[in-house]
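Tertiary structure, described
Take a look at the letters that make up each chain.
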Amino acid sequence: MKKKRFIALAAAALISFPSALCTNTFPQTADAVNISSVTFTNFDSRVNGGEPIRGVDISSIISLEEAGVKFYDDHGREQDLFKTLADHGVNYIRVRIWNEPNDGNGHTYGGGHSDLDTAAKIGKRAAQYGMKLLADIQYSDFWADPAKQSRPKYWQPHDHNKLKGEIYNWTSWVVKYLTENGSDIGMVQIGNETECFFCGEKDMYKICDLFSSGEKAVRDFDKNILIAHHFANAGNGHFGWYAQVMNECKLDYDIFACSYYSYWHGSLDNLRNTLTDIGNKYNKYVMVVETAYPYTDDDGDTFGNSVSSSSSGCELKYDISVEGQAKAITDVFQTIANCNGHGIGVFYWEPAWLGVPDISWEQQKQLWDKYGSGCATIYANDYDHDVTASGGSSFDNQALFDFHGKPLESLDVFLNIYPQKKPVVTTTSTTTTATTTTMTTTEPVRTKDIVLGDVNSDGVIDVFDVVALRKAVLAGNKSHELDLNGDNEVGIADLVKLRRYILGYADSDLTYKTIIVK
Ligand code: CA
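Below: a short report on this structure. Since the structure is predicted, the reported quantities are computational estimates derived from the model, not experimental observations.

1. Comments concerning the packing of aromatic side chains
Each aromatic ring pair is specified by the distance between its two centres and by the angle formed by the two planes. Throughout the structure, instances matching the rule amount to 30 aromatic pairs. The interplanar angle of 55 degrees and the centroid separation of 6.1 Å between the aromatic rings of phenylalanine 231 and phenylalanine 239 together place this pair among those described as tilted. The two residues phenylalanine 231 and phenylalanine 239 agree in class, both being buried. Their ring planes at 45 degrees and their centres at 6.0 Å tell us that tyrosine 263 and tyrosine 293 sit as a pair that is tilted. Placement of the pair is tyrosine 263 in the loop between strand E7 (255-259) and helix H8 (268-282) and tyrosine 293 in the loop between strand E8 (285-290) and helix H9 (322-337), with a sequence separation of 30 residues.

Okay, here's the thing in structure tokens:
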């Protein structure tokens, strides 16, 4: 899986200040991106099968697909975005969940719609490609961030205790619904970018009481699901106090998570020191659940972008290029890897939030309003009075795909994060030309490498595969994918081999097998 591209770099690109270089960089196409690897040493084997979380938040994907946005593989062939992400090493998908993001008359507020049904669609497809889900429950009907933490409209009349009860009920419903509809939830986030502000509440002790209700709902459902709380800006110096109050309130959570947008949130050293202190003091995991960096100053969807070289209030620390973007992401992974064993991974925020390319603003607006594929529709005004117009993506210049949906080389960062323990079940198919002497056209034969032993196709080889294989053997299943020892039989010997592999015997390596994809 190790995939690196070494090239001669333009030395100036490494040492110059971004603003001097950031014009018309869209998009670099040559193999010009140097990606360093990052290793999380002493990674906790209880987390994510012993692998750092290489995550992305693609909450807008269902709306994008409905609006007609298409995605491609490295060779320019149209392909399911989930597969492309999995092929590039992504092992976790984050999805935001809003309560009632619509006006009650069939109009979405936008922002990818982001209701529970949409989240369930995303979670199911993620699981089909072996990726776990982080359910980012925001307890809001629309965007929740440090400036806005409005209560869902139906909860607005509630007193504290009734609100607390609703948080328990809603959280329980979300995890149950997602699981029953095919998601593999590994983690739940209780609140989004809360900075002493959550669900309309600004008293940190009352916030903790509300947090505890969400935590209990998750624990009551499944004790193996990790619980995260998410704060925004390590640069503001308040993280230590949040963690202290949460400790005083005896909150039952696993991960102290934060956003890190390098142009807004201070230095990486500060991020590392802040998170390491919290990890050490309270024995918590730490992670970055949102990061991004621009690769271009251009705009792909006629809706202005949040960050570019002309933005005010931003400290752009990297070149605005694919190379600069890859370096920015790698540095965040490296920083989290350096948190004294507490760091468990990084999520990139909305790496695929594009518009349909090459259409007018009027055409874009129709899609945003109909499918909710932009940041807001005018109907959101019903809940958020600051929304006065429809909008698209202000992050398409920070995507890891170009404006036409093709992966940028910066997406390869995820392939270079170690350790990588779980075998990745599907890898990029290789195309070979069928040999024929009589046909005038040659059909490509598409093949796929599978990892032998992942009998239940969940991306991990463990005791559950033994159970599944035993069932298959008893049922007389002769599938060649179950022939682990290569003797063209499926039987007890394969079961023995799988058990020995799981127990770590050196003689029992499982290998890849190439099969033809129909
Ligand atoms: Ca844009």
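2. Re the environment of lysine 148
By secondary structure assignment, the location of lysine 148 is in the loop between strand E4 (132-137) and helix H5 (160-180). Once the C-alpha coordinates of lysine 148 and phenylalanine 197 are considered, the two residues, 49 residues apart in sequence, prove to be 8.1 Å apart. Excluding residues that lie within four positions of it along the chain, lysine 148 makes contacts with Trp143, Phe197, Asp384 and Asp386. Separated by 3.2 Å, the side chains of lysine 148 and aspartate 384 make a polar contact. There is a polar contact of 2.8 Å between the side chain of lysine 148 and the side chain of aspartate 386.

3. Observations concerning the pattern of salt bridges
In total, this model carries 22 salt bridges according to the counting rule given. As a salt-bridge pair, arginine 94 and aspartate 136 come within 3.1 Å of each other at their nearest N and O atoms. Of this pair, arginine 94 sits in strand E3 (residues 92-97) while aspartate 136 sits in strand E4; the two residues are 42 residues apart in sequence, bridging distant segments of the chain. Note on aspartate 136: relative accessible area 0%, which makes it buried. Put simply, aspartate 331 and lysine 327 hold a salt bridge, and the shortest N to O gap is 3.0 Å. With aspartate 331 and lysine 327 both in helix H9 and 4 residues apart, the pair spans about one turn of that helix. Given the relative accessible area of 17%, aspartate 331 is considered buried. The class for lysine 327 is partly exposed, based on a relative accessible area of 44%. Taken together, the shared-partner salt bridges connect Asp57, Arg94, Asp136 and Glu290 into one network.

4. Some thoughts on unusual backbone geometry
Each neighbour pair has its own omega, and for tyrosine 418 with proline 419 the value is 5 degrees, a cis peptide bond. Looking at where proline 419 falls in the secondary structure, it is placed in the loop between strand E10 (417-418) and strand E11 (431-433). Positive phi outside glycine occurs at lysine 250, with the angle close to 55 degrees. With respect to the helices, strands and loops of the structure, lysine 250 is situated in the loop between helix H7 (239-248) and E7. Using a relative accessible area of 72% as the deciding quantity, one classes lysine 250 as exposed. Here asparagine 283, not a glycine, exhibits a phi torsion of approximately 55 degrees, which is positive. Mapped onto the elements, asparagine 283 comes out in the loop between H8 and E8.

5. Thoughts on the coordination of the calcium ion
Protein coordination at the calcium ion comes from Asp299 (OD), Asp301 (OD), Phe303 (O), Asn305 (OD1), Ser393 (O), Asp396 (OD) and Asp396 (OD), with a distance range of 2.2 to 3.0 Å. When the donors of the calcium ion are listed by position in the chain, the intervening gaps give D-x1-D-x1-F-x1-N-x87-S-x2-D. Of this pair, aspartate 301 sits in the loop between E8 and H9 while serine 393 sits in the loop between helix H10 (361-371) and E10; the two residues are 92 residues apart in sequence, bridging distant segments of the chain.

6. Digging into the nonpolar core
One finds Ile93, Ile97, Leu178 and Phe256 to be the most contacted residues of the largest nonpolar core, which totals 130 residues. When neighbours within four sequence positions are excluded, isoleucine 97 is seen to be in contact with Ser114, Leu116, Ala119, Ala135, Asp136, Ile137, Gln138, Tyr139, Trp170, Val174 and Leu178. Counting residues in hydrophobic clusters, the runner-up holds 12 residues, among them Ile461, Leu469, Ala472 and Leu510.

7. Here's the deal with the environment of lysine 164
Structurally, lysine 164 can be placed in helix H5. On the basis of relative accessibility, which here comes to 25%, the residue lysine 164 falls in the partly exposed class. In this structure, the C-alpha to C-alpha distance between lysine 164 and serine 213, residues 49 residues apart in sequence, is 6.1 Å. In this structure, lysine 164 is in contact with Asp209, Leu210, Ser212 and Ser213, ignoring residues within four places of it in sequence.

8. Regarding the pairing of E4
Taking burial as the measure, the 6 residues of E4 include 5 buried ones, the bulk of the element. By the bridge criterion, 6 bridges tie E3 to E4 in an arrangement that is parallel. Bridge pairing in E4 links arginine 94 to leucine 134. For the handedness criterion, the β-α-β arrangement of E3, helix H4 (residues 116-128) and E4 is classed as right-handed. Relative to strand E5 (residues 185-190), E4 is paired through 5 bridges, and the arrangement is parallel. Bridging from a neighbouring strand, isoleucine 137 pairs with isoleucine 190 of E5. Handedness of the β-α-β unit built from E4, H5 and E5 comes out right-handed.

9. Observations regarding the sheet that holds strand E6 (residues 226-231)
Spatially, E2-E3-E4-E5-E6-E7-E8-E9 is the arrangement adopted by the 8 strands of the closed barrel, whose pairing is parallel. Adjacent strand axes in the sheet meet at a mean angle of 25 degrees when their direction is disregarded. Of the pairings in the sheet, the one linking E5 to E6 comprises 3 bridges and is parallel in character. Counterpart to methionine 187 in the pairing with E6 is leucine 226. Relative to E7, H8 is tilted by about 165 degrees, and along the sheet it contacts E7 and E8. The strands touched by H9 within the sheet are strand E2 (53-57), E8 and strand E9 (343-349), with E9 carrying the most contacts at an inclination of about 155 degrees.

Reading guide: rules and limits
- Residues numbered from 1 in each chain as written.
- Predicted model: local features only at pLDDT ≥ 70, side-chain atom pairs only at ≥ 80, totals over all residues.
- Heavy atoms only, no water.
- Phe/Tyr/Trp six-rings, centres within 6.5 Å; stacked < 30°, edge-to-face > 60°.
- Buried < 20%, exposed > 50% of the residue type's maximum accessible area, 1.4 Å probe, protein only.
- Helix = DSSP H or I, 4+ residues; strand = E, 2+ residues; numbered from the N terminus.
- Contact = heavy atoms within 4.5 Å.
- Polar contact = N/O pair within 3.5 Å; in protein donor to acceptor, adjacent residues only side chain to side chain.
- Salt bridge = Lys/Arg side-chain N within 4 Å of Asp/Glu carboxyl O.
- Donors = N, O, S within 2.8 Å, 3.2 Å for Na, K, Ca; no water.
- Core = buried A, V, L, I, M, F, W, Y, C linked by side-chain atoms within 4.5 Å.
- Pairing = 2+ DSSP bridges.
- Right-handed = clockwise from strand over helix to strand, strands pointing away.
- Axes fitted to C-alpha atoms, helices over the stretch in contact; angles between N-to-C directions.

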